[in-house]
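# Residue-level structure breakdown
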Amino acid sequence: MTMQSEINAFEWSELDRRTVDVIRGLAMDAVEKVGNGHPGTAMSLAPAAYLLFQRFLRHDPADPNWAGRDRFVLSCGHSSLTLYIQLYLSGYPLKLDDLKALRTWGSLTPAHPEYGHTAGVETTTGPLGQGIANAVGMAMAARRERGLFDPDAAPGTSVFDHHIWAFCSDGDIEEGISHEASSIAAHQRLGNLTLLYDHNHISIEDDTAIALSEDVGKRYEAYGWHVQRVDWTVTGEYHEDVAALAAALEAAKAETDRPSFISLRTIIGWPAPNKQNTGKIHGSALGADEVAATKAIIGLDPEQTFQVPADVLAHAREVMARGAALRSAWDVEYAAWRTANPERAAEFDRISARELPDGWQAKLPSFPAGEGIATRAASGAVLNAIGPELPELWGGSADLAESNNTTIKGEPSFIPTEFQTKEWSGGPYGRTLHFGIREHAMGAICNGIAVHGGTRPYGGTFLVFSDYMRPAVRLAALMKLPVTYVWTHDSIGLGEDGPTHQPVEHLWALRAIPGLDVVRPADGNETAVAWRTILEHKDRPAGLALTRQKLPVFDRDVFASAEGTAQGGYVMAEASTGTPEVIIIATGSEVEIAVAGRALLEEAGTPARVVSMPCVEWFEAQTPAYRESVLPSAVRARVSIEAGIALGWRSFVGDMGESVSLEHFGASADYQTLYREFGLTAEHVVEAARRSLARAGGKS
């Protein structure tokens, strides 16, 4: 850990300078070899990245997953070499050959850093701005975890105290998610977060003046961040004043009452003689002549590639000894904490492994038959029932707590004490999150919480507003993070709010995301099983699509057990003969309509089966034999019913099947009127069944 006395006597040796130039050479060579990439930022950020990894970042390259480490997020993921080269030089399990394999098949150095793929990469970045929000989530998670495991320790003395460092670019700052995340970071007083902004004035379209003119530093001051400016161009000539940057980083670390923002003015691609400070060096190879000319300037052999002198590598690898010493000291403190807090230590072990406690499922509520309850309300009842058993489960909504039913009663809000309100009390270690109307940041913050450690975040909003958070949802699926989305008001059933709030295309648009489980339960008991199944999964996100309107709770003495929810689809009501002539597939609120349609068909002498399909993804993960038992291929007359576009249901109903769906936007009216006017009725199910039967060669 760098101390103030060290900053006052700051030394930047010739070996340090040479190492930075070697970093620039590696960045140029790696991009040149593959023929594409982003060398410019990696060249100009070389001193900052090297300084951070060598002297400020608390990390142990021998154990990239050390629980006491700081976290580093490269939000400007296009500059992946900024991170990869530091990992290599610091002694992480990344070799020079891996740098040579940049952006190629099977390499540990993909175009953008990928979580779980390369040791030392804390989160997947690439879509700009996401990393900023991930870092905010990590900082929030660090505070929550301290509150769970070591709340009484004095500031700065807990084994759970660590810092989140992030680098970002002009592109990150321009993306709207940066505003959402930075605003909430200031409001949360996240003093364990530092964001370094590479203010180089260049993007792909060259000078950012074409699209950006705000004073970004003042913007962050307005949020309430601690803002510093380091300008390496201030003298009129470019001077990489590393001592000034070190002082700024130290001041940021010392500021514990608010997040810190450092605006670092650099020249992209420095010191390339012809392409520095241009859009060309941002996102493409320099070319052989420019590489040679730049190497000549920085003292590297223009005839050689991937030059790493032995003394430079040995000097950079000294950080391993620093990391080992930090880890050793932490281990002593950690052992003392475990001895003093055996119950908390056991809970830390369980939560870190994302293991669920024994017997927690017994707390899940059961809903009596016949009672009408909206699945959003059932979800809220589940959260309140299991909340005391699962302290790792925490979250909130985008200013829709009462609508989403995301609050665990009696739990304090996660909020600086001074921001408590009449309705919401709490403190810095609280459990109930208030994201404000910031859906995109909410999604990415939840990702940051999930990658930080073992806690399980959830975030709620209306299903229609999942559009606002879709990029973050996609990244959660890409990273296989166990984040849960509570998406309520799941159809035209929300009624009078009208077409702007009524999701039509959203269910299938979300089902199109690989690795995301979209779960639309039909009643309270399916909702309980859905929550249980989601929490039993540790390797993917899930979204619950829940109703505003009340739905009947099915009598499971008459209908099949709601346990079938865990298989994604199950035979809820069998044909009276045991052999159906037609199968009706439905989800959510439309299962009730399917059951009513089946009754009409049975009365008319047509044996019909109802399949409740709360989660397509879970159903498709079952064995072929199970899927065949639910949807036998011999029964070609099929009907799907869902209050949204049919799209993917075509693959379930087949060429002979019909879909009762909504292929247009909704309208403003009570939900009963909307269902009737748009044909989502039992009678229309019967008509569709008869058409399908006729097409399939059965009776109509």
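Coordinates for the structure precede this section.
Read on for a plain summary of the structure. In this text, all values refer to a predicted model and were calculated from it rather than measured experimentally.

## Some words on the pattern of salt bridges
All chains considered together, the criterion is met by 36 salt bridges. The salt bridge involving R532 is made with E536; its shortest N-O contact spans 3.9 Å. In this pair, R532 and E536 both sit in helix α22 (residues 524-536), 4 residues apart, roughly one turn of the helix. For R532, a relative accessible area of 15% corresponds to the buried category. According to the relative accessible area criterion, E536 is partly exposed, its value standing at 39%. When salt bridges that share partners are traced, they join E14, R17, D21, R24 and E240 into one network.

## A word on the sheet that holds strand β2 (residues 164-168)
The strand order across the open sheet formed by 5 strands is β1-β2-β3-β7-β6, and the pairing between neighbours is parallel. Each edge of the open sheet is held by one strand with a lone partner, namely β1 (71-74) and β6 (226-231). For this sheet, the mean angle separating the axes of adjacent strands, direction not counted, is 15°. Pairing analysis gives 6 bridges linking strand β3 (residues 193-199) to strand β7 (residues 260-265), with the strands arranged parallel. In the sheet register, Y197 faces β7, and the bridge partner there is S263.

## Points about the pairing of β3
Along β3, 6 of the 7 residues are buried, which leaves the element largely enclosed by surrounding structure. Note that β2 and β3 share 5 bridges and pair parallel. From the neighbouring strand, F167 faces β3, where its bridge partner is L196.

## Points about the packing of aromatic side chains
Under the counting rule described, the total for this entry stands at 32 aromatic pairs. Both rings, one in Y197 and one in F261, keep their centres 5.7 Å apart while their planes meet at 35°; by these two values the pair is tilted. Taken together, the positions of Y197 in strand β3 and F261 in strand β7 put the pair 64 residues apart, joining distant regions of the chain. You'll find Y197 and F261 in the same group, each marked buried. Through pairs of rings, three or more aromatic residues link up here, namely W66, F149, F160, W330, Y334, W337 and F348. Here the guanidinium or amino end of R143 rests over the ring plane of F414, the centre of that ring lying 4.1 Å away. Above the plane of the ring of Y88 lies R317, whose end atom (NZ or CZ) is 5.4 Å from the centre.

About the thresholds
- Residues numbered from 1 in each chain as written.
- Predicted model: local features only at pLDDT ≥ 70, side-chain atom pairs only at ≥ 80, totals over all residues.
- Heavy atoms only, no water.
- Salt bridge = Lys/Arg side-chain N within 4 Å of Asp/Glu carboxyl O.
- Helix = DSSP H or I, 4+ residues; strand = E, 2+ residues; numbered from the N terminus.
- Buried < 20%, exposed > 50% of the residue type's maximum accessible area, 1.4 Å probe, protein only.
- Pairing = 2+ DSSP bridges.
- Axes fitted to C-alpha atoms, helices over the stretch in contact; angles between N-to-C directions.
- Phe/Tyr/Trp six-rings, centres within 6.5 Å; stacked < 30°, edge-to-face > 60°.
- Lys NZ or Arg CZ within 6 Å of the ring centre and 35° of its normal.

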